[in-house]
Amino acid sequence: MNVIRKPWEQGFSNHFGFLNSASAARWAPIPLRLMVGYGFMQHGFAKLSKGPEAFAVILHAVGVPAPHLMAWLTILTEVFGGLAVLLGAFVPLVSLPMAALLLVAIFTVHLPYGFSSIKLLSVTSGRAQFGQPGYECDLLYLACHATLVLAGSGPLAIDGYLRRKG
């Protein structure tokens, strides 16, 4: 007996079969690379624009040793590591110091504020006022790094080009 099913009864992947194909799945790392790379670069440029000295003061306040050196290492890791991830270059290598930065941020800054990155405190004059973010976004970045390291950088990545060439 041939039963006609409505699209929502067939299942999403059956209705949109192209999303299930291996050729489509191989493109999945690209949005992760773009978001992680851009996000890290933005954080690095923000610290650079306010001055590494200002960030060193924050690092000193939370007890990070050698705050001036660590400020520069953090900024360089965020800018150049972010660029490398964006381009898909040396992703397993640059993910290690980037993950270390995230772990330090979790344990020195975000942990006391809980999981959620969005803490709505109030709405004043039609504008939302937020509290300190938790460690949610740091965990999302760590998950993206793990995915890129385990699954690869995907197409249009320098890592793939180097692998094919070598």
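Computed from a predicted structure; not experimentally measured.

1. Comments concerning the packing of helix 4 (residues 29-50) against helix 8 (residues 136-151)
Part 1 of the reasoning: Remark: helix 4 packs on helix 8, axes separated minimally by 10 Å, with the N-to-C direction vectors making an angle of 130°. By the criterion of interaxial angle, the relationship of helix 4 to helix 8 is oblique. Where helix 4 crosses over helix 8, the handedness of that crossing is left-handed. Of helix 8, the residues touching helix 4 (which contributes Pro 29, Leu 32, Arg 33, Met 35, Val 36, Gly 39, Phe 40 and His 43) are Tyr 141, Cys 144, His 145, Thr 147 and Leu 148.
Part 2 of the reasoning: Its residues assigned to classes, the contact of helix 4 with helix 8 shows eight nonpolar, four polar and one charged.

2. Some thoughts on the packing of helix 4 against helix 6 (residues 67-87)
Part 1 of the reasoning: Viewed as axis vectors pointing N to C, helix 4 and helix 6 meet at an angle of 155°, and their least axial separation amounts to 7 Å. The orientation of helix 4 relative to helix 6 falls into the category roughly antiparallel. The two elements helix 4 and helix 6 cross, and the hand of that crossing is left-handed. Facing helix 4, whose interface residues are Arg 33, Leu 34, Val 36, Gly 37, Tyr 38, Phe 40, Met 41, His 43, Gly 44, Phe 45, Lys 47 and Leu 48, helix 6 presents Trp 72, Thr 74, Ile 75, Glu 78, Val 79, Gly 82, Leu 83, Val 85, Leu 86 and Leu 87.
Part 2 of the reasoning: A breakdown of the residues in the contact of helix 4 with helix 6 according to their chemical character gives 14 nonpolar, five polar and three charged.

3. Let's talk about helix 7 (residues 91-110)
Part 1 of the reasoning: Within helix 7 the residues assigned to the buried category are Val 91, Val 94, Ser 95, Met 98, Ala 99, Leu 101, Leu 102, Ile 106 and His 110.
Part 2 of the reasoning: In this fold, the buried residues of helix 7 make contact with helix 4, helix 6, helix 8 and helix 9 (158-165).

4. Section: the pattern of salt bridges
Part 1 of the reasoning: Tallied over the entire structure, the rule returns one salt bridge.
Part 2 of the reasoning: The residue Glu 78 makes a salt bridge to Lys 47 at a minimum N-O spacing of 3.1 Å. Placement of the pair is Glu 78 in helix 6 and Lys 47 in helix 4, with a sequence separation of 31 residues.
Part 3 of the reasoning: Judged by its relative accessible area of 16%, Lys 47 is buried.

5. A few points about a nonpolar patch on the surface
Part 1 of the reasoning: Among the surface-exposed residues, Phe 45, Leu 48, Trp 72, Leu 76, Phe 80, Leu 83, Leu 87, Phe 90, Leu 93, Ile 158, Tyr 161 and Leu 162 lie close enough to one another that they form a single nonpolar patch of about 1,100 Å² accessible area.
Part 2 of the reasoning: Mapped onto the nonpolar patch, the elements with two or more residues apiece are helix 4, helix 6 and helix 9.
Part 3 of the reasoning: If you tally residues by element for the nonpolar patch, the top one is helix 6, at five residues.
Part 4 of the reasoning: Among the structural elements, Leu 93 can be located in helix 7.

6. So, the environment of Val 57
Part 1 of the reasoning: Position of Val 57 relative to the elements: it lies in helix 5 (residues 52-61).
Part 2 of the reasoning: A relative accessible area of 56% means that Val 57 is categorised as exposed.
Part 3 of the reasoning: Distance in space between the C-alpha atoms of Val 57 and His 68 is 8.1 Å, their sequence separation being eleven residues.

7. Re unusual backbone geometry
Part 1 of the reasoning: Positive phi is not limited to glycine here, since Ser 125 has a value of about 55°.
Part 2 of the reasoning: The residue Ser 125 is located in the loop between strand 1 (120-124) and strand 2 (127-130) in this model.
Part 3 of the reasoning: You will see that Leu 156, though not glycine, has its phi angle at about 60°, which is positive.
Part 4 of the reasoning: Mapped onto the secondary structure, Leu 156 falls in the loop between helix 8 and helix 9.
Part 5 of the reasoning: The class of Leu 156 is exposed, set by a relative accessible area of 68%.

Each value, and the rule that gives it
- Residues numbered from 1 in each chain as written.
- Predicted model: local features only at pLDDT ≥ 70, side-chain atom pairs only at ≥ 80, totals over all residues.
- Heavy atoms only, no water.
- Axes fitted to C-alpha atoms, helices over the stretch in contact; angles between N-to-C directions.
- Helix = DSSP H or I, 4+ residues; strand = E, 2+ residues; numbered from the N terminus.
- Parallel < 35°, antiparallel > 145°, perpendicular 65-115°, else oblique.
- Left-handed = near helix turned anticlockwise from the far one by under 90°.
- Contact = heavy atoms within 4.5 Å.
- Nonpolar A, V, L, I, M, F, W, Y, C, P; charged D, E, K, R; others polar.
- Buried < 20%, exposed > 50% of the residue type's maximum accessible area, 1.4 Å probe, protein only.
- Salt bridge = Lys/Arg side-chain N within 4 Å of Asp/Glu carboxyl O.
- Patch = residues over 30% accessible without salt bridge, like charges linked within 9 Å, V, L, I, M, F, W, Y side chains within 5 Å.
- Areas by Shrake-Rupley, 256 points an atom, 1.4 Å probe, with all protein chains shown as cover.

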